[in-house]
Amino acid sequence: MEKHPSYEALAPYLSKYPKIAGPLFQTYNDLKLGQQWTGLELVELSGCSRCAIRGRRPQQVDLLHVVPCSLSESLSTDWIRTTFKELDGPSHVYLAINTEDSSIVYYKISPGIVKPPL
Amino acid sequence: MASNRNRGSQKSGARRAENNRIYAHPLPLAFSNPEPGSTFGYVLGLLGFSLTKIENPHCEGVFDPATRSVWITNERDSSILWRRGFFGKGDLSRSEPSWLARQISARKAAGKYMTAEEIREKRRAERKQFKMDRAAAIAKAAAEAEAAFAEGRQAAPAVIPSGATWKPQQLGETAELPEEAPDDKDEDDELEPLKDVEHLQLTLQEAFFLVWNLDCLTVLDPQTSEPLSLQQIWKAFQNVHCVPPELPVYTNRFDNPFLVNYAAYHYYRSLGWVVKGGIKFCVDLLLYKRGPVFHHAEFGVVVIPVYEDSRDQESSPFNLPNANTFSWSWLSTINRVNSQVQKTLILTYVTIPSSSRVSTDLLSSPACLAHYSVRDVVLRRLIPARMRD
């Protein structure tokens, strides 16, 4: 992992939160290289022992937040509430669920009831 | 959209022949037959021996404890492991590593073959267009009904596109491509050459299967780059689940998640199924008859660990998923999700041996796997009113 070009940007958080190092690395690479997001920044969520990733989709202006987690983790609604609080209440957050075969499944979470778009 | 449902089996003959050629070997080991006319071979054959040689590709990968996987970084091994048995997944791709091909294709904007991701994007764009057309049609029908009601007449029958009959309009898309190409040509010289940053990622179960059963993979230590022995691999793959490592509570446990998942993986692989991860369908494993390129997975497997001795479960530091009694609503949800995508649900019960009956010394080698039992139950929903036979 150390030889990967993304390692440098992530190094401080990978060592600070080792349990979430794998999911953070996978999610960051998927967003940056796979999905080609721009302006990626890391936002520390100390209440959830991890850091979130903030950025934009290609050719779009909205700032989106992605919180990485592992499939083997157990999450609670309280945990989700904490992520919203620490990200200063965005309208929605993407939960990136990482697996060991490198598949990532993204779930969009919004506080409250949201009507489907179409 | 109806054409999409069976598209997996409606590939052209040329494509099918090409796939049969590329994916001819079901496992990384290949057999090379001696020339047919040799008398020596014939004589040996009479005695029950064979001159057939086994070709072992001797692939190499690096163990990455953070992502709990083994990374194959060189292209030759990555290609062999994917094409002979569909092992692993490109970490920036849907299936086989195609990130570099997609980047090059995006730069040239003139790809001859669409990668799986590009086909997916096209399908998503079409589905989005269909949804917009449908929403517009619904809104129009509602407005028409309102107007008709206000005027006291019957509304005209609504025409709402359904998935089966809607066809994508080609007009908008093709107009854009020619505009992009000239820009790319100017930028081409200034762009740096692309470095492939993708790797093939094997789960620990896949890697162990290749190492232990086929002996065609060498796993390197991430710090020293030295090959790990089978004993070291066996220990290391279990230790990733022990955080922090080497605590006494973690050692000598039959319910280590690696062991439980490996029992199920090995069971299906040894029966000839291609086993991949099933997170997209809320299951643990997907079973393919030949491989993902041939047909969609027919079965989705949920691995349910069963403790032979409940005291082992009470003392367990691992919180194995699905180890407790599940609710009917959970089962119903997963079955529904899989029925919608025409998959059959299989519940695979892996029985974890009791540490009081089986000595934990056996855990020092893979021989302990013989003490796990795997039973599978196929689930099908019965609708008595409709299914009479």
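Residues numbered from 1 in each chain as written. Chains lettered and ligands numbered in written order. Predicted model: local features only at pLDDT ≥ 70, side-chain atom pairs only at ≥ 80, totals over all residues. Heavy atoms only, no water.

Within an unreviewed UniProt entry, the label attached to chain B reads tRNA-splicing endonuclease subunit Sen2, and the organism entered is Dichomitus squalens. Per its UniProt entry, chain B bears the Sequence similarities (unreviewed entry) comment "Belongs to the tRNA-intron endonuclease family." (UniProt positions renumbered as here; feature names shortened; annotations may be inferred.)

As annotated in an unreviewed UniProt entry, chain A is tRNA intron endonuclease from Dichomitus squalens. As its UniProt record puts it under Sequence similarities (unreviewed entry), chain A is described as follows: "Belongs to the SEN15 family."

Now for the domain arrangement of chain B. You'll often see interface size given as the accessible area lost when the parts meet. Residue and element names in this part refer to chain B. We note that the domain assignment places domain 1 (27-56), domain 2 (58-90 + 198-240), domain 3 (98-168) and domain 4 (254-389) within chain B. Distance between the C-alpha centres of domain 2 and domain 4: 23 Å. In this assembly, 17 residues from domain 2 lie in contact with 22 residues from domain 4. Counting each side, the surface lost to burial between domain 2 and domain 4 is near 1,700 Å², with a carbon and sulfur contribution of 67%. Considering only the surface of domain 2 that becomes buried against domain 4, Phe86, Gln205 and Trp234 emerge as the three largest contributors, covering 42% of it. Run the count over domain 2 and domain 4 and you get one salt bridge. For Glu206, the salt bridge goes to Lys276, with nearest N and O atoms at 3.7 Å. Counting across the interface, domain 2 meets domain 4 through seven residue pairs in polar contact (both at pLDDT 80 or more). Among the elements of the structure, helix 8 (204-214) and helix 9 (230-239) are those that each provide at least two residues to the side of domain 2 that touches domain 4. When residues in the side of domain 2 that touches domain 4 are grouped by element, the largest group, seven residues, is from helix 8. Looking at side-chain class alone, the side of domain 2 that touches domain 4 contains nine nonpolar, six polar and two charged residues. (Domains from an automatic or database assignment. Contact = heavy atoms within 4.5 Å. Buried area = accessible area lost by both parts, 1.4 Å probe. Salt bridge = Lys/Arg side-chain N within 4 Å of Asp/Glu carboxyl O. Polar contact = N/O pair within 3.5 Å; in protein donor to acceptor, adjacent residues only side chain to side chain. Helix = DSSP H or I, 4+ residues; strand = E, 2+ residues; numbered from the N terminus. Nonpolar A, V, L, I, M, F, W, Y, C, P; charged D, E, K, R; others polar.)

Take the packing of helix 8 of chain B against helix 10 (residues 257-270) of chain B next. All names here are of chain B. For the pair helix 8 and helix 10, the least separation of the axes is 9 Å and the interaxial angle reads 65°. The two elements helix 8 and helix 10 meet at a crossing, and its hand is right-handed. Every residue of helix 10 that contacts helix 8 at Leu204, Gln205, Glu206, Phe208, Phe209, Trp212 and Asn213 is listed here: Phe258, Asn261, Tyr262, Tyr265, His266 and Arg269. Of the residues assigned to the contact of helix 8 with helix 10, the class counts are seven nonpolar, four polar and two charged. (Axes fitted to C-alpha atoms, helices over the stretch in contact; angles between N-to-C directions. Left-handed = near helix turned anticlockwise from the far one by under 90°.)

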